[in-house]
Amino acid sequence: MVEDIGPMAGTALFCAPPRILYGRGSLAKLPALLARRGLKRPLLVTDPFFTRGSRAAGDLVASLAEAGIACEVSDLGEPDPSIELCRRVAARVAGVDVDCVIGLGGGSNLDLAKALSVLLRFGGDPADYVGEGRLPGAPLPLVAIPTTSGTGSEITAGAVLVGEGRTTKVALMDNELRPRIAVVDPALTDSCPPKVTAEAGADAMTHAVESFLGVEAGEGPGAGATDPGYSGNTPLARLLALEAIGRLARAVPRAVADGADTAARDEAAYGSLLASLAYGSVGLHGVHAIAYALADLTHASHGATNAVLLPYVMDELRPVRTESLARIAAALDPAAPAEPEAAARRACVAMRAWLAGIGLRTRLVDFDVAEDRIEALAAGGVAVARLSAAFPLQPPDEPFRRIVRRAWHGRMSFED
């Protein structure tokens, strides 16, 4: 059980990119850093918005050129990239002489860039590398530049793709997939509209909460592995996650209400970075598992599907994470009660209110999900074995059914 932030027992693996550039204007330092590392021929992976509807890609290419770095550009990125899209893009850029890959955009573009860094180094088919530890070595060096405060892909060891036949999401998972350089420049988020800001913020909050409530190092699916992508919870990860929860709770509503509030944008980006550092080693579980199944059914955004499930996963974990939830309550609400059980309940209710306050739906029925789909949604979440196996309550089948049913009604267990 994870009930405090105190000293850990046993051993764990904590992983992060070798270089993290953080702060408003930090992107300007990337060309010199690439040159210092001898990288001269990048492939920029992005989507049409950043090449045609925004100056971000053009400005980056120009700044690289000033440093003597010639950049190829592929803007074929799409939301929720699939294995088939990876094949098409890899075929288009085959034969291009590049020595690194730069991903610019949301999590979809960063995950596509990760997959291409593998295919351009080793060839083959993206499906060859699905699963944990299936890379034959280090892919091309990767630079990740997120343009939202929420994805976390700039830190993590996974590239999430839609599987064959668009049935479910699968992942390439290897610590070699962590970017060599992550650039977290809050200025790139300034143009995000309120809906994108809210959904990205909910994703970051989910990363922080799931990390804080995750299984202890040595107890989850990565136990016993030499170099797992996710190795479970540690005091370091919990410190990062709890700090992220407090910062996101304060900053995201301000950024949603006023996109020109650069202080809020900076704080949200920092909170997202802390959450990503936490979950990038701990891993995720119940919320993301069921959210993937919900996205398959509704095609709703990743942030929205996380948001509608997060409070009810917290509620389900109250019996085994009471003290941890009490800490979350204090981070969300300074007036939270001191008594642990009451505070744990407050955490669930306060999270639901926070999500609703930034304009997100907190009932599955509001996604037009029929009540007779509850069993299928729960089963779909269980089927995402790499996540459901890390849920603190095992087996996850019955807990997932309770979570989905409560999310459909929009009621906590103690509100029945």
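These notes cover the structure that comes with them. Everything quoted here is computed from the prediction, not taken from an experiment. (Residues numbered from 1 in each chain as written. Predicted model: local features only at pLDDT ≥ 70, side-chain atom pairs only at ≥ 80, totals over all residues. Heavy atoms only, no water.)

Some thoughts on the overall build of the protein chain
Cut-off, in case you're wondering: Each helix corresponds to a stretch of at least 4 residues labelled H or I by DSSP, and each strand to a stretch of at least 2 residues labelled E; elements are numbered beginning at the N terminus. Buried residues are those whose accessible area, probed at 1.4 Å on protein chains only, stays under 20% of the maximum for their type, while exposed residues exceed 50% and partly exposed ones sit between those limits. Between two residues, a contact is recorded if the distance between any of their heavy atoms is within 4.5 Å. Every accessible area reported is derived by Shrake-Rupley at a probe size of 1.4 Å, with residue values counting cover from the shown protein chains alone.
The helix and strand tally for the protein chain stands at 15 helices and 9 strands. In terms of overall dimensions, the protein chain has a C-alpha envelope of 60 × 45 × 45 Å along the principal axes. Considering the protein chain as a whole, with its 416 residues, one finds that 58% of them fall into the buried category. For the protein chain, long-range pairs separated by at least 24 residues make up 77% of all intrachain contacts whose partners lie at least 6 apart in sequence. Per element, the accessible surface of the protein chain, about 15,600 Å² overall, is 53% carbon and sulfur.

Points about the sheet that holds strand S7 (residues 158-162)
Note the threshold: A pair of strands is treated as paired once DSSP finds two or more bridges between them. Axis definition: a line fitted to C-alpha atoms, over the contacting stretch in the case of helices. Angles run 0 to 180 degrees between N-to-C directions.
Ordered in space as S5-S8-S7, the 3 strands form an open sheet in which the pairing is mixed. Looking along the sheet, the strands with just one partner apiece sit at the ends: strand S5 (131-132) and S7. Across 2 bridges, S5 lies against strand S8 (residues 169-173) in parallel orientation. Each bridged residue has a counterpart across the sheet, and for Glu132 the counterpart in S8 is Met173. Strands S7 and S8 of the sheet are contacted by helix H5 (residues 107-122), whose axis makes an angle of about 105° with S7.

Some thoughts on the packing of helix H9 (residues 286-298) against helix H10 (residues 302-316)
Which entries qualify depends on this criterion: An angle below 35 degrees is read as roughly parallel, one above 145 as roughly antiparallel, one from 65 to 115 as roughly perpendicular, and any other as oblique. Here is the rule for handedness: rotate from the far helix to the near one, and if that takes an anticlockwise turn smaller than a right angle the crossing is left-handed, while a clockwise turn gives right-handed.
Relative orientation of the contacting elements H9 and H10 amounts to 135°, with a least axis distance of 8 Å. As the angle between them shows, H9 and H10 are arranged oblique. Judged by the sense of rotation from one axis to the other, the crossing of H9 with H10 is right-handed. Of the residues in H10, those touching H9 at Gly286, Val287, His288, Ile290, Ala291, Tyr292, Leu294 and Ala295 are His302, Thr305, Asn306, Val308, Leu309, Leu310 and Val313.

Quick notes on the side chain of Thr151
By the element assignment, Thr151 lies in the loop between strand S6 (142-146) and S7. Residues within four places of Thr151 in sequence aside, it is in contact with Gly107, Leu110, Pro146, Asp203, His207, Ser272 and Tyr279.

A word on the sheet that holds strand S2 (residues 42-45)
Taken together, the 6 strands give an open sheet; going across it, the order is S1-S9-S6-S4-S2-S3, and neighbouring strands pair in parallel fashion. Strands with a single pairing partner mark the edges of an open sheet, and in this sheet they are strand S1 (19-22) and strand S3 (72-74). Between one strand and the next, the sheet's axes are offset by a mean angle of 15°, whatever the strand orientation. Note: S2 against strand S4 (residues 100-105), 4 bridges, orientation parallel. Following the sheet pairing, Leu44 is matched in S4 by Ile102.

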